[in-house]
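Coordinate inspection notes
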Amino acid sequence: MRGLDLRIEPGERVLLLGESGAGKSTFLHALAGVVGDDEGESEGSLLVDGEHPAVHRGRTGLVIQDPDSQVILERVGDDVAFGCENLGVPRDEIWRRVHDSLEQVGLTVDLERNTSALSGGQKQRLALAGVLAMRPGLIVLDEPTANLDPGGVTEVRDAVIRVAELTGATIVVVEHRVSVWSDVVDRVVVLEAGGGVIADGVPAEVLSRQGEELAARGVWVPQHPPARPQRAVRGRQQPLLSTQQLSVGRGNRPLGSPLDLEILSSHALAIMGANGAGKSTLALTLGGLMRPVSGAVVARPILADGAGEHPIRWKSRELLTRIGTVFQDPEHQLLTSTVRAELEVGPRALKLSDHEVDARVEELLTRLRLDRLAGANPFTLSGGEKRRLSVATSLATRPKVLVLDEPTFGQDSRTWSELLALLARLVDDGSSVITVSHDLEFVDALADSTVTLA
Amino acid sequence: MIPVASVNPVAKLGAGLLVSLFLIVTIDWVSAATALVLEMAVIAFMGIEPKRFWLRTLPVWLAAPFTALTILLYGRYDGAVYFEFLLIRISDGSIELALATFLRVLAIGLPAVVLFISIDPTDFADGLAQRLRLPDRFVLGALAAVRMVGLFLEDWRSLELARRARGVADRGRLRRIAGQAFALLVLSIRRGSKLSIAMEARGFGGDTPRSWARESQWGSAEWVTLLVGLLIGIVATVVAVLTGSWNLIVG
């Protein structure tokens, strides 16, 4: 990003919008003084309280998107105290601030509590408390709720607002989902990809004036929801896969009660439930990747196609045309150094002819708007592009069943509606789609039936 | 019962090192046996659950006989020979050395494991930085990294399952593991850099002298712990010297 002129007054609450790649995160990092001189080039000046951001360490607090990457220490109390320690705050004062901060964010857990046992929403509030304990004048938040379930989103949003009211701190937040923040901020600034400001003003005004344009750029504007696909008349539904008294879990400990499910062709099933209910584990077990704790996943002959009735015993190659799995984190399933090669992995493992491999890869590149990125390294793609690629790699081998774990996590509205349209078409064309999701709108638009894990 | 859990980890480390120091300068069975007997007496008073004790120290119990066996078969040849086959030669000398090695591995390994099962990484880091004055950037960086090990294990699992899902897990196991290890490295570097941004954003690495939310305690319990280590080492050495079995291996 370049050429940005912006003045934020003390105590303002600003929502920063812009399409992916507009430099919102870079700007927040720069405000927090954590952009090193060796990380890219900079021109012009950025002043916090009239000085370079790095001068006043702790004056600006930063909360980022990924809850796991910002928990620093093992105990809740220590983690909150960490910033104070670095600023050389005296011991008595540190613990006073730790208590105050945890109270302000509403996190009432034991100070000795292990931080890895906290939920996503609690971890984000812990990070906020850690920032707060430094007594910052400015708090910047980079998509703080993108990785959370609906309960966690509200929890974190309310904590931020309470903190702003109690401390009078200036708030700058970046988020795709406008509806979460539009009622509680007093200013919306829209950044232009490449530089400059497109819109700046009171939320209601900006959203009514620029709402449509923002929506087209992938921002979630409540008045302009992303398009939902028209569902075609469905083909005949046949059972492909069923579970018999299935219990899933890590090791021998089952999560939740046994399940009897029927997975049908031309049908979209959504698996919902709170964090820790075992949704991802169930997805991986249905995908033939994890062994059930008890009970069984049984493939019907039409799906098994000679490969035996238990997917977990299938060869890795046999899974390709039968059950595809799209992982929550696309990076886990990347194997090669270009987008094209990534798409070729599956078809090559099936020993398809070169001609057929090329045809499938070309089709997917176009269909998922990845054609301009064919030569790029998958790790360098944006979040939305990585998600599209990970779905495309599974589609390349045309599995009859597709399992997706939180496909819409952190996605902008454009990628969201593209995914939705793509999956809807797969179902209309006869596939079975199973999605694990927290995303109520997505489930509402796609799912033919829903299972909620307790 | 000795409340060993609350003793400063740095003192535990020191006590373990003191015992080992006396035991590694000599290879005889008397010193090792003496130290082992004294250690077992101390350990008995620590109030460790028997199941936990055996489970945690199992690797030591396994390592000791295997090391001893190697020495028995290939160790220094001396005195009467009882068995010979190719390079294998069991003699009075190798039997004695094997016994000494067996006891030594136990005498050094057991207290190390027992002392460390009660160490909390956070307290240990506090001790290293505040008591041993190790640079706090280094200590806290390492502490934060240790906390990420759990995330890496999760990543490794996911990488493994993802390879099966992508159809490439049927053969070439070695190559696949190498590829997976590389992928884990890439992921861990990314996690690491995110973590370091989070730490820096909380003022870590600045010029201000750091304060500590918790003082790393050092009192009589710590001195006693060190003293016990020292005494075990001295008694073991004295007994070995008096019985004439002490043999200095350095120099």
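Structural data are supplied above this passage.
Residues numbered from 1 in each chain as written. Chains lettered and ligands numbered in written order. Predicted model: local features only at pLDDT ≥ 70, side-chain atom pairs only at ≥ 80, totals over all residues.

What chain B contains, in helices and strands, is eight helices and two strands. The C-alpha radius of gyration of chain B comes to 24 Å, more than 25% above the 18 Å expected for a compact globule of 251 residues. Dimensions of chain B along its principal axes, counting C-alpha atoms only, are 65 × 55 × 40 Å. For chain B, the proportion of its 251 residues judged to be buried stands at 36%. Pairs at least 24 residues apart make up 75% of the contacts formed inside chain B by residues separated by at least 6 positions. (Helix = DSSP H or I, 4+ residues; strand = E, 2+ residues; numbered from the N terminus. Rg over C-alpha atoms; globule rule 2.2 N^0.38 Å. Buried ≥ 20, exposed ≤ 12 C-beta atoms within 10 Å, placed from the backbone. Contact = placed C-beta atoms within 7 Å.)

The next point concerns the nonpolar core. Of all hydrophobic cores here, the largest spans 116 residues; its most connected members are Leu16(A), Leu62(A), Leu128(A), Ala129(A), Ala35(B) and Ala107(B). Top contributing element to this core by residue count: helix H4 (residues 92–117) of chain B, with twelve residues. Aside from chain neighbours lying at most four places away, what touches Leu16(A) is Lys24(A), Val172(A), Val173(A), Val174(A), Val189(A) and Leu191(A). Core analysis: the next-biggest nonpolar cluster, separate from the first, contains 60 residues, Leu246(A), Leu259(A), Met290(A) and Val401(A) among them. (Core = buried A, V, L, I, M, F, W, Y, C linked by C-beta atoms within 7 Å.)

Let's shift gears to the interface of chain B and chain A. Opposite the 37 residues of chain B that make contact, chain A presents 53 residues. Of all the secondary-structure elements, those providing two or more residues to the side of chain B that touches chain A are helix H5 (121–130), helix H6 (136–165) and helix H7 (173–201) of chain B. Taken together, the residues of the side of chain B that touches chain A break down into 20 nonpolar, eight polar and nine charged. (Nonpolar A, V, L, I, M, F, W, Y, C, P; charged D, E, K, R; others polar.)

The next subject is the packing of helix H4 (residues 120–132) of chain A against helix H5 (residues 150–167) of chain A. Residue and element names in this part refer to chain A. Relative orientation of the contacting elements H4 and H5 amounts to 15 degrees, with a least axis distance of 8 Å. With respect to H5, the axis of H4 lies roughly parallel. For H4 against H5, the interelement crossing comes out right-handed. Contacts between H4 and H5 pair Gly120, Gly121, Gln124, Arg125, Leu128 and Leu132 from the former with Gly151, Gly152, Glu155, Val156, Ala159, Val160 and Val163 from the latter. For the contact of H4 with H5, the residue count by class is six nonpolar, five polar and two charged. (Axes fitted to C-alpha atoms, helices over the stretch in contact; angles between N-to-C directions. Parallel < 35°, antiparallel > 145°, perpendicular 65-115°, else oblique. Left-handed = near helix turned anticlockwise from the far one by under 90°.)

This part is about the environment of Ala144(B). Its place among the elements puts Ala144(B) in helix H6. Sequence separation of Ala144(B) and Ser196(B) is 52 residues, and the distance between their C-alpha atoms is 9.3 Å. Ignoring sequence-local partners within four residues, the contact set of Ala144(B) consists of Ile72(A), Leu195(B) and Met199(B).

All names here are of chain A. Pairing is mixed across the open sheet formed by six strands, whose spatial order is E2-E3-E4-E1-E5-E6. Looking at which strands have only one partner, the edges of the open sheet turn out to be strand E2 (60–63) and strand E6 (197–201). For this sheet, the mean angle separating the axes of adjacent strands, direction not counted, is 15 degrees. Where strand E1 (residues 13–17) lies against strand E5 (residues 187–191), four bridges are found, and the strand directions are parallel. The residue of E5 that forms the bridge with Leu15 is Val188. Along the sheet, helix H7 (residues 203–216) contacts E1, E5 and E6; its crossing angle with E6, the most-contacted strand, is approximately 150 degrees. (Pairing = 2+ DSSP bridges.)

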